[in-house]
Amino acid sequence: MHTAIFTKSRIATAMSLALAGTLSWPALAQQTDAAATAKTEEKVEVIEIKGIRGSLIRSMDIKREANGVVDAISAEEMGKFPDTNLAESLQRITGVSVSRANGEGSQITVRGFGPDFNLVTLNGRQMPGTGYTRSYNLENLSSEGVSALEVYKTARAENPSGGLGATVNIITTKPLNNPGLHASASVKGIYDSSNEKGDDVTPELALVVSDTLLDDKFGVSLSLSHQERDFQKQQANIQGWQANVALPNNLAADKVKDARPVGADGKPSGNYYFPKDMNYSIEDVERERSNGQLTFQFAPVDNFVATLDYTASRAMTGSESIGWGIWNEFGGNINAYELDSNGTALYADIGGNDGSFTANKGSTEVKADSVGLNLDWQLNDDLSLSLDYHDSSNKTDNGADKGLGSEGQVILGSDQLLSKVYDFRQGEIPHAMVYWKNGTDELTAGEIDSNFSQFIHSPGEASIKQLQLDGQWMNNVFSLPLTKVDFGVARTEQTMGGYQGWSGLRGGPGFNPAYPQIFPDSMFVRHSTSNFLDSFNGGGSALKPHYYYSYNFDEAVARQLAFLTSAVMGGDVYSIDPYFDGIDSESSVEEKTDSVYLQSQWEGEVLATPMWLNVGVRYEKTDVTSLVRQRVETQVNWESASEWITQYQQGGSANFLEQQGEHDVVLPMFDLKAEITDDLIGRFSWGKSISRAPLGFLAGGRSLSGSPKPGARSGSQGNTNLLPFESTNLDLSLEYYYAEGSYAAVGWFKKDVDNFIQTTITETTIEGLRDILNGPRYLKAVADITARGEQPTSTAIFEQMLANGNGNSEGKIEPAADDPLMVWNISQPANTDSKSVDGFELAMQHLLWDTGFGVGANATFVQGDVEFDVNSLQQQAPLTGLSDSANLQLFYENYGWSVKVTYTWRDKYLIGVGQAQGSSDAPPQFAKSYGQWDLSVNYDVTPELTVFFEGINLNDETERGYGRYEEQFLFARQYGPRLTLGMRYALE
């Protein structure tokens, strides 16, 4: 317990009088109490409860006093927020679940609506998304300097639009809100059990200090934090599943097992699916995160406060990885297969193509900053105005590696194989074995050859300039149940854009000609898979392949730069320049939004029941401008058995396409809160909210794949005139506050969303782009191979076409005039029909009297007509992120000890539609259910000094994903637990 003395200001007294009066409906008794005015300078003693208990009480009070459905998390003490980043904190709130990146919470889903549907504000200011997106990566924000998180789940006219799922407001420390000197400093050592190459223990440092001067008229606060984390990510991955691929019709009966239902013709019927590849990787990551905020406040008189603040964050993530795997083509390449009852390939023996060992390297920097000025003026007892301006940006750059300037990938391996076998008939990880021409299932170091390398630089930036004028009028004049009116206007200019440079596939892709002499055997280190993905059944020593090679990325690049020169390679000269042929793509979207709102609050009684009614409306008009650099494709060459490369028109000025769009929305809302008894609160809310279309959809113009292999000939086209998702929301809730810090609540919500956006994939031919595949020369090569009694694999066909004289001087095959036009799968978004989502939220919080023990639990159950039909190959527009979720918190706080155990669970959910190498039916990506146990233990050595221990992911939970069915494996990721030991010193 902490006792604080402060002086009530005139504004605070007026507010407390307005909120504390006994009201009747329809007449509102309003009196000015002279005695109350005389007490404006009275000393008031406040008992402040600190720690977990105090935090829960404050959060509960916010929920109870709010209009509409609002949940909050409050800092336990200054500089002591519940979790290591804000996403991890938000997942404790009912209805909020997180998606993860690198084993940490990153983006939030609220009530089944994913990151793009939720708006993040900082002290009420709309924040730009991370890079070229609308969604905000919350793992880049530490909790230092944050006093509370508010989640508005129902519409509110005064909030900026964009939070169809919810609006999350981050409230930072304000020095004049807590006069006097306050400081907190902490130091942590982080041990990540997955780490192999980095430091075993990495630091996290934080400082928060706040002080007021000049009789509390001037205040300054500063928060700084720096965290380093070294860890390893192990994963297995399939890029996509292909539906109904070409199958050979001459396989022996013992080479085919098909469990699909038998049709009227006596043959198996229904769709069937094969994996495009199978890859494994080990990624070593070093991550640094620095945050800072500086705030100045000046209140020269009681009725005016000026606040100037600057917030900045920087996250640097460097990674190096080694991978190994296979790539598949179908038709004549298939030697044998086994399908389950859903048509999913559990086993496939496939010839041709190659096996590879891949090294990746890159560093990504995310920098965000925001500078803002707020002028808050209480003109008189009735009217206050607030003028706020901020300029904020969020930049991401994957070229932060100063030596490379891009993300690089080096692929080595060999095409000297007999066949590849994919096998997922047991365990949680598929096997991918390669049988080589050397007579074994293991390639020797001396047989490893150069395939290709590629280098990509794709920076992006989102920025917002926003000017807001808000006002509040308190009704102390008219005898009406109207207590106050809030109003405001705003201008928001948001710009989001990025560009990309791609080196192309450098170094003569496809092992033809071969250059194994570039790499000495000593460059490769052989490893066993015994410690790889060993948290999964079927991983570790049970995995096949049972080995992999690692090699140094920089050495592999240096050797190829030295050897694969223009004299040797001609146009395929090896280069690490991502802008080898200039900028490949560039696009930006600018949105200018003018808005105005009016919101009123009414108080009174109906049948002796106190009620509060909020009614408001917001109007917004948005102009959209899209600017896209168009590249002109000329032809697609078949450059090796596994690689097809798009060629572009060279020279000339950049071709930019500008397109315009606009939309406007009217967003009404009202909230009704009834105090049924002193302890029982009922709520009814109705309103409209929106989320604007994803940025990539709004950028007009068309782009085609630069590496259009068979089964992966894709492209995209934007739509600048997309209307925003518009949701009509209905909420009913009942909350029972039965003791200090204890309550139980149940709520039902329904969202009817119009203008749902569906991405439609259309098979399109483009004049002049011809396809060597199945052209006359291709079919002749197939006939030549078949006549010899050999299998017409893609490798054999490519070599036969070269033997038939179809290659150019560099050994590449160019399209001919009699080849058919290439068929591209072009995706384009469009507004379609309406969707509905509804669900229940349950929450309880109980403090066990004065024992120090407490428990909190919540769960959300959602459903709707927005689910993906896995049995249909029709393109669909489901809602991503929809899932049930639950949280449990157990704690004890007494005698200087503070112990908290938390469990967070999220059911399976749809990550997205479309797979990187999936077929044109736009197959889904699902995540399996995830549950994580965390622990924190604090002990107060003195009132100022606390030592603590934290354990994250103590149950070593893993991440898994799949396609249409669980047998269609997509990914498995393993991180391991993290442990933290530290101390905190606080001066209050």
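Scroll up to find the structure.
Residues numbered from 1 in each chain as written. Predicted model: local features only at pLDDT ≥ 70, side-chain atom pairs only at ≥ 80, totals over all residues. Heavy atoms only, no water.

Help me understand the overall build of the protein chain in this model?
The helix and strand inventory of the protein chain stands at 9 helices and 52 strands. Radius of gyration (C-alpha) of the protein chain: 31 Å, near the 30 Å computed for a compact globule of 988 residues. Its C-alpha atoms give the protein chain principal-axis dimensions of about 105 × 60 × 55 Å. For the protein chain, the residues scored as buried account for 55% of the 988 residues in total. Sequence-distant contacts in the protein chain: of pairs separated by 6 or more residues, those separated by 24 or more amount to 76%. In the form shown here, the protein chain has an accessible surface area of approximately 39800 Å², with 54% of it arising from carbon and sulfur atoms. Counting 74 positive and 128 negative side-chain charges, the protein chain places the averaged centre of each group 2 Å from the other. (Helix = DSSP H or I, 4+ residues; strand = E, 2+ residues; numbered from the N terminus. Rg over C-alpha atoms; globule rule 2.2 N^0.38 Å. Buried < 20%, exposed > 50% of the residue type's maximum accessible area, 1.4 Å probe, protein only. Contact = heavy atoms within 4.5 Å. Areas by Shrake-Rupley, 256 points an atom, 1.4 Å probe, with all protein chains shown as cover. Lys, Arg positive; Asp, Glu negative; His and termini not counted. Charge placed at Lys NZ, Arg CZ, Asp CG, Glu CD.)

What is the right way to look at the side chain of Thr492 in this model?
Its place among the elements puts Thr492 in strand E27 (residues 482–502). A distance of 3.0 Å separates a polar atom in the side chain of Thr492 from a polar atom in the side chain of Gln466. Residues within four places of Thr492 in sequence aside, it is in contact with Gln126, Ile464, Lys465, Gln466, Glu591, Lys592 and Thr593. (Polar contact = N/O pair within 3.5 Å; in protein donor to acceptor, adjacent residues only side chain to side chain.)

Please clarify how the side chain of Ser414 should be interpreted in this entry.
With respect to the helices and strands, the residue Ser414 is situated in strand E22 (residues 407–414). Within polar-contact distance, the side chain of Ser414 engages the backbone nitrogen of Gln416 at 3.0 Å. Filtering out sequence-adjacent residues up to four positions away, Ser414 remains in contact with Asp354, Gly355, Trp436, Leu443, Glu447 and Phe511.

Honestly, the sheet that holds strand E37 (residues 714–717) in this entry has me stumped. Any pointers?
Whenever strands of a sheet pair, they do so through backbone hydrogen bonds, lying parallel or antiparallel. Here we have 4 strands laid out as an open sheet, ordered E36-E37-E41-E40, and mixed in their pairing. Strands with a single pairing partner mark the edges of an open sheet, and in this sheet they are strand E36 (702–704) and strand E40 (757–770). If you compare each strand with its neighbour and ignore which way they point, the axes differ by 25 degrees on average. Strand direction decides the pairing type here: E40 and strand E41 (residues 821–831), joined by 10 bridges, are antiparallel. When the sheet's bridge partners are listed, Thr764 is paired in E41 with Trp824. (Pairing = 2+ DSSP bridges. Axes fitted to C-alpha atoms, helices over the stretch in contact; angles between N-to-C directions.)

Help me understand the pattern of salt bridges in this model?
Pairs may arise between side chains of opposite charge once their charged atoms sit close together. According to the stated counting rule, one finds 46 salt bridges in the structure shown. Here Lys484 ties to Asp486 by a salt bridge, and the two come within 4.0 Å at their closest N and O atoms. The exposure classification of Lys484 matches that of Asp486, with both residues buried. A salt bridge links Lys812 to Asp572; the shortest N-O distance between them is 2.8 Å. Here Asp572 lies in the loop between helix H6 (566–569) and strand E30 (585–606) and Lys812 lies in the loop between helix H9 (794–803) and E41, a separation of 240 residues in the sequence. Look at Lys812 and you get buried, because its relative accessible area is 8%. Taken together, the salt bridges that share partners define one network made up of Lys63, Asp71, Arg111, Lys153, Asp731 and Glu841. (Salt bridge = Lys/Arg side-chain N within 4 Å of Asp/Glu carboxyl O.)

Looking at this structure, I do not really get the nonpolar core. What am I missing?
One broad rule of soluble globular proteins: the nonpolar side chains tend to lie buried together. Among the nonpolar cores identified, the biggest contains 66 residues, and Phe274, Met278, Tyr280, Ile429, Phe524, Tyr551 and Phe969 are the most heavily contacted of them. By residue number, the principal contributor to this core is strand E51 (residues 969–974), which donates 4 residues. Apart from residues no more than four positions distant in its own chain, Met278 is found in contact with Ala236, Asn237, Ile238, Trp324, Gly325, Ile326, Tyr422, Pro430, Ala432 and Phe969. By size, the runner-up hydrophobic cluster in this structure holds 24 residues, among which are Met496, Leu695, Ala699 and Val866. (Core = buried A, V, L, I, M, F, W, Y, C linked by side-chain atoms within 4.5 Å.)

When you look at the environment of Ile52 in this model, what are you seeing that I'm missing?
Mapped onto the elements of the fold, Ile52 is located in helix H3 (residues 51–65). Ile52 gets classed as buried once you look at its relative accessible area, which sits at 3%. For the pair Ile52 and Ala75, spaced 23 residues apart in sequence, the C-alpha separation works out to 8.6 Å.

I tried to follow the sheet that holds strand E23 (residues 417–423) on my own but got confused; where do I start?
Spatial ordering of the open sheet is given by E14-E18-E19-E23-E24, a layout of 5 strands whose pairing is mixed. Among the strands making up the open sheet, the edge pair consists of strand E14 (256–258) and strand E24 (431–436). Between one strand and the next, the sheet's axes are offset by a mean angle of 10 degrees, whatever the strand orientation. Across 6 bridges, the pairing between E23 and E24 is antiparallel. Of the residues in E24, the one forming a bridge with Asp423 is His431.

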